[in-house]
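# A closer look at the structure
One-letter residues, chain by chain:
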There are 4 protein chains.
Amino acid sequence: MCPKIVDKKLKRQQLVKAAVGVFSERGFKGTSMEEVSLRAGIGKGTIYEYFGSKEDLFYACFDWFMKMTIDQAAEALKECTGSEEKLRTAARVWTEVVIRYIDFCPIPLEVWAMASTGSDNERFSTSLKEMYASFRTSIEEMLREGQASGEFRRDMDVTAIAIMLVSAFDGVLLQSLFDRSIHISSYMNSFLDVLVRGMKPDLRKG
Amino acid sequence: MCPKIVDKKLKRQQLVKAAVGVFSERGFKGTSMEEVSLRAGIGKGTIYEYFGSKEDLFYACFDWFMKMTIDQAAEALKECTGSEEKLRTAARVWTEVVIRYIDFCPIPLEVWAMASTGSDNERFSTSLKEMYASFRTSIEEMLREGQASGEFRRDMDVTAIAIMLVSAFDGVLLQSLFDRSIHISSYMNSFLDVLVRGMKPDLRKG
Amino acid sequence: MCPKIVDKKLKRQQLVKAAVGVFSERGFKGTSMEEVSLRAGIGKGTIYEYFGSKEDLFYACFDWFMKMTIDQAAEALKECTGSEEKLRTAARVWTEVVIRYIDFCPIPLEVWAMASTGSDNERFSTSLKEMYASFRTSIEEMLREGQASGEFRRDMDVTAIAIMLVSAFDGVLLQSLFDRSIHISSYMNSFLDVLVRGMKPDLRKG
Amino acid sequence: MCPKIVDKKLKRQQLVKAAVGVFSERGFKGTSMEEVSLRAGIGKGTIYEYFGSKEDLFYACFDWFMKMTIDQAAEALKECTGSEEKLRTAARVWTEVVIRYIDFCPIPLEVWAMASTGSDNERFSTSLKEMYASFRTSIEEMLREGQASGEFRRDMDVTAIAIMLVSAFDGVLLQSLFDRSIHISSYMNSFLDVLVRGMKPDLRKG
DNA sequence: GATGAATGAGCATTCATTCAT
DNA sequence: CATGAATGAATGCTCATTCAT
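Residues numbered from 1 in each chain as written. Chains lettered and ligands numbered in written order. Predicted model: local features only at pLDDT ≥ 70, side-chain atom pairs only at ≥ 80, totals over all residues. Heavy atoms only, no water.

## Overview of the overall build of chain A
What chain A contains, in helices and strands, is nine helices and zero strands. Its helices and strands taken in sequence order, chain A reads α-α-α-α-α-α-α-α-α from the N to the C terminus. In terms of principal-axis extent, the alpha carbons of chain A reach across some 80 × 35 × 35 Å. Sorting the 206 residues of chain A into buried and exposed places 52% on the buried side. Considering only intrachain contacts with a sequence separation of at least 6, the fraction spanning at least 24 residues in chain A is 69%. Counting every atom, chain A has about 9,900 Å² of accessible surface; 51% of that belongs to carbon and sulfur. If the 28 positive side-chain charges of chain A are averaged to one point and the 29 negative ones to another, these points end up 2 Å apart. (Helix = DSSP H or I, 4+ residues; strand = E, 2+ residues; numbered from the N terminus. Buried < 20%, exposed > 50% of the residue type's maximum accessible area, 1.4 Å probe, protein only. Contact = heavy atoms within 4.5 Å. Areas by Shrake-Rupley, 256 points an atom, 1.4 Å probe, with all protein chains shown as cover. Lys, Arg positive; Asp, Glu negative; His and termini not counted. Charge placed at Lys NZ, Arg CZ, Asp CG, Glu CD.)

## Let's talk about the arrangement of the chains
Separating chain B from chain C is a minimum C-alpha gap of 21 Å, and the two share no contact. No part of chain A reaches chain D; the closest C-alpha pair between them is 31 Å apart.

## What to know about helix H7 (residues 122-149) of chain C
A rise of 1.5 Å per residue sets the reference length of H7 of chain C, with its 28 residues, at 40 Å; its end C-alpha atoms lie 41 Å apart and thus fit the reference within 8%. Of the positions making up H7 of chain C, those classed as buried are Phe124, Ser127, Leu128, Met131, Tyr132, Arg136, Ile139, Glu140, Met142, Leu143, Gly146 and Gln147 of chain C. Of the surrounding secondary structure, the elements contacted by the buried residues of H7 of chain C are helix H4 (54-78), helix H5 (83-100), helix H6 (106-116), helix H8 (158-178) and helix H9 (184-199) of chain C together with helix H8 (158-178) of chain D. A positive phi of about 85° marks Gly150 of chain C, the residue just after H7 of chain C. (Expected span 1.5 Å × (residues − 1).)

## Observations concerning the interface of chain B and chain A
Taken together, the contact pairs 52 residues of chain B with 51 residues of chain A. Of the roughly 4,500 Å² buried where chain B meets chain A, counting both sides, 72% is carbon and sulfur surface. Area buried by chain B at its contact with chain A is led by Met164, Gln175 and Phe178 of chain B, which between them contribute 16% of it. In this assembly, chain B and chain A are joined by zero salt bridges. Elements that contribute at least two residues to the side of chain B that touches chain A include exactly helix H1 (8-30), helix H6 (106-116), helix H7 (122-149), helix H8 (158-178) and helix H9 (184-199) of chain B. (Buried area = accessible area lost by both parts, 1.4 Å probe. Salt bridge = Lys/Arg side-chain N within 4 Å of Asp/Glu carboxyl O.)

## Regarding the UniProt feature "domain: HTH tetR-type" (unreviewed entry) in chain A
Look at the UniProt record and you will see "domain: HTH tetR-type" (unreviewed entry) annotated at residues 9-69 of chain A. End C-alpha atoms of residues 9-69 of chain A are separated by 20 Å, and the span's content is 75% helix alongside 0% strand. (UniProt positions renumbered as here; feature names shortened; annotations may be inferred.)

## Looking at the relation of the copies chain B and chain A
When chain B is fitted to chain A, the residual RMSD is 0.2 Å, and the transformation amounts to a turn of 179° plus an axial shift of 0.0 Å. The superposition operator between the copies reduces to a two-fold rotation axis. Most of the interface of chain B is mirrored in chain A: 98% of its interface residues are interface residues there too. (Least-squares fit on C-alpha atoms with pLDDT ≥ 70 in both.)

## Considerations on the packing of aromatic side chains
Scanning the entire structure with this criterion turns up 47 aromatic pairs over all chains. When the ring of Phe23 of chain B is compared with that of Phe58 of chain B, the centres are 4.9 Å apart and the planes differ by 75°; the resulting orientation is edge-to-face. Of the two residues, Phe23 of chain B sits in helix H1 while Phe58 of chain B sits in helix H4 (residues 54-77), which places them 35 residues apart along the sequence. A single burial state applies to Phe23 of chain B and to Phe58 of chain B, both of which are buried. With a centroid separation of 5.7 Å and 40° between ring planes, the pair formed by Phe58 of chain C and Phe124 of chain C is classed as tilted. Of this pair, Phe58 of chain C sits in helix H4 while Phe124 of chain C sits in helix H7; the two residues are 66 residues apart in sequence, bridging distant segments of the chain. With respect to class, Phe58 of chain C is no different from Phe124 of chain C; both count as buried. Lying over the aromatic face of Tyr59 of chain A, Arg123 of chain A brings its terminal NZ or CZ to 4.7 Å of the ring centre. (Phe/Tyr/Trp six-rings, centres within 6.5 Å; stacked < 30°, edge-to-face > 60°. Lys NZ or Arg CZ within 6 Å of the ring centre and 35° of its normal.)

## Topic: the UniProt feature "DNA-binding region" (unreviewed entry) in chain A
The feature "DNA-binding region" (unreviewed entry), as annotated in UniProt, sits at residues 32-51 of chain A in this numbering. In this annotation, residues 32-51 of chain A is assigned 60% helix and 0% strand; the end-to-end C-alpha distance for the span is 14 Å.

## A few points about the pattern of salt bridges
Across all of its chains, the model carries 60 salt bridges over all chains by this definition. The closest approach of N and O atoms between Glu84 of chain D and Lys200 of chain D, which form a salt bridge, is 3.1 Å. Taken as a pair, Glu84 of chain D in helix H5 (residues 83-100) and Lys200 of chain D in the segment after helix H9 (184-199) lie far apart in primary sequence, 116 residues in all. We classify Glu84 of chain D as buried; its relative accessible area is 18%. One connected set of salt bridges, linked through shared partners, spans Glu25, Arg26, Glu35 and Arg39 of chain A.

Written out as structure tokens, the structure is:
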């Protein structure tokens, strides 16, 4: 007669929010759809109105994490000009995200594990690969920009630095999770001080 | 009086070997004890003669990975003298392990995921914490040695560098898993070139 | 909004009914949840919507048997006045229950066995102890009432008679199970004739 | 060459002794052959040199309990002359056995439960039936002897009394197990005082 | 004779998903 | 639209029994 009008988008988001919490606490396999529905305050069956499967729901959670991170980075980078500044801003945003959302960081870990095992989780490994490629490329661009502008040495392996920086960022997430007493932002800065010094052109020749 | 004589130690190791393969392919939850037993060519019940539970078996797999890595590193570091040499050797061993055992690298990923979620897997998170602490300390020692000998600058944050290097190593494992076309060893070297340059004392003042 | 409406109480009872049958035929350990579900005409998993575990289900079966017996006794005793009448009524009800529900009498036997072994089935032994204490007390009251009214001798050990009567009742259940040709009700009556005669005050002195 | 010479009879008995303990503590299903072998201080496989199956072993335990009881009763009754004396002696022996072997009384309980459920335990129910029939007959004989000698009334239902006495004996075993604080021997005596009084011929007519 | 390593049938329990209401 | 009762496939684990030594 009069189908209830529901803001599907909104409800979907609320569902993801609840799911992100449960998945973070219990892991993918350890999470039951029932607990998610309880946490979201809806019926168990209702989840399936919004997501086709548990995996779909989990993917949406991961997607939320990724998009959120990318948005924060994009926002912050908008106002940056220098290459070093960009690099340091990217690092800062990442550490801020890790610190702020540390409770949800088990989600990317789960995704890593899922993507690395089983051939059926194609979708996760593809997503990850794309994401990493995009991150790497962004970093590479910053570095190349710096080379062009003379900020950075020309004889360094830009791809290598980019890959290793992305690696270090991921690793920082790990370390933070396993030892929450670590203050990553200052460590990240100190580390970048040294690395950037190594990337600067030789002054002796100036 | 004359019971069947079996080398339990050896059989246990063979079992771990089979299990490492299955866990790597399917993940912890995705692996059934039956499949492990099939792969090992023994009966399902026999596994329980050697391991008390699925988790015990998995822990043994992780333990194998850890010990193997540590052994390789210890072996290689025995012959090193200089600080930079040690650092580079550690990095080389790690990349070699990652490349050589790339198929089994999902195991540490699983452990990361398990340790980050759920409060029950105490044993995994404790092991991880200890392992990382030990790695960090080793690197710190190398760096401090280098500072003492004048190889490295005295004004750098040794702890920060150590944490970030460990992070980078972990991240490298991740990147390798998700994009097997990456040649990490050369990247690792190029990266260390830059980083070490940043750690070297200022020559201008010489 | 319009979930399936089910009378959970009723379904629970039906489930108990089916379970009582299977447990009686096969014993606790010999009964598989699958067989119960088959007998009840529902899915295996559905049982767990109503009972947390096999033991819970079995306890409900025992509870059903106890409550049913107690109810019948209470109902019949309501209309009794004299002490001897009460005693004979209790005996009659018990024999009627045993005869009527002889097929389900293996259930109390199982409970006896469970309660006597293992320290875990606390719940069963506690229940049994309480039940027996209550039975004994009821009988004792009847006897004391009879003593007060002069129906029964004052120099008999009321507690002893009560305990032994309860014992005899239990034993009757056993004998009935193992030899279904026994007609317990007439035997019970003849026995009570003799016992009651022994409990009557000495007439010589009258 | 020289097969070890073993007193099979003796070892069998030791095995039964160990098994009686474990079965009493854990019940039939709760007992593992391994634990029995451990308790007996022999290898798991060795049990099968003496007993064809777990059920065989358990049956031997029950048999031990039965035979032991019967022996004690036979021994004690040898010296009895009067009917009442015999009756009281039988009761005394039974209570003594129950008190002395209370820790092993779960075994008959288990047998009751096994015999009452499942059609496969033919052997247990047959044994029980025979044993009870024999007990009943013995008691009946005592009572009839008493009638013949004028000790007991002629108008009582001997079969009924016999059945109910056997019942009461069984019940006493139960009550003792569930409430170990009960002092059955005095209760048994007080009870027999009353019952025997009821069985005595009417003195008024004397 | 004695052993204990190996086995695999058997079972309680979980949980993603469906669908009648 | 929303629900939660119902389902049954899937799985970790146990243990009586066998048999090579």
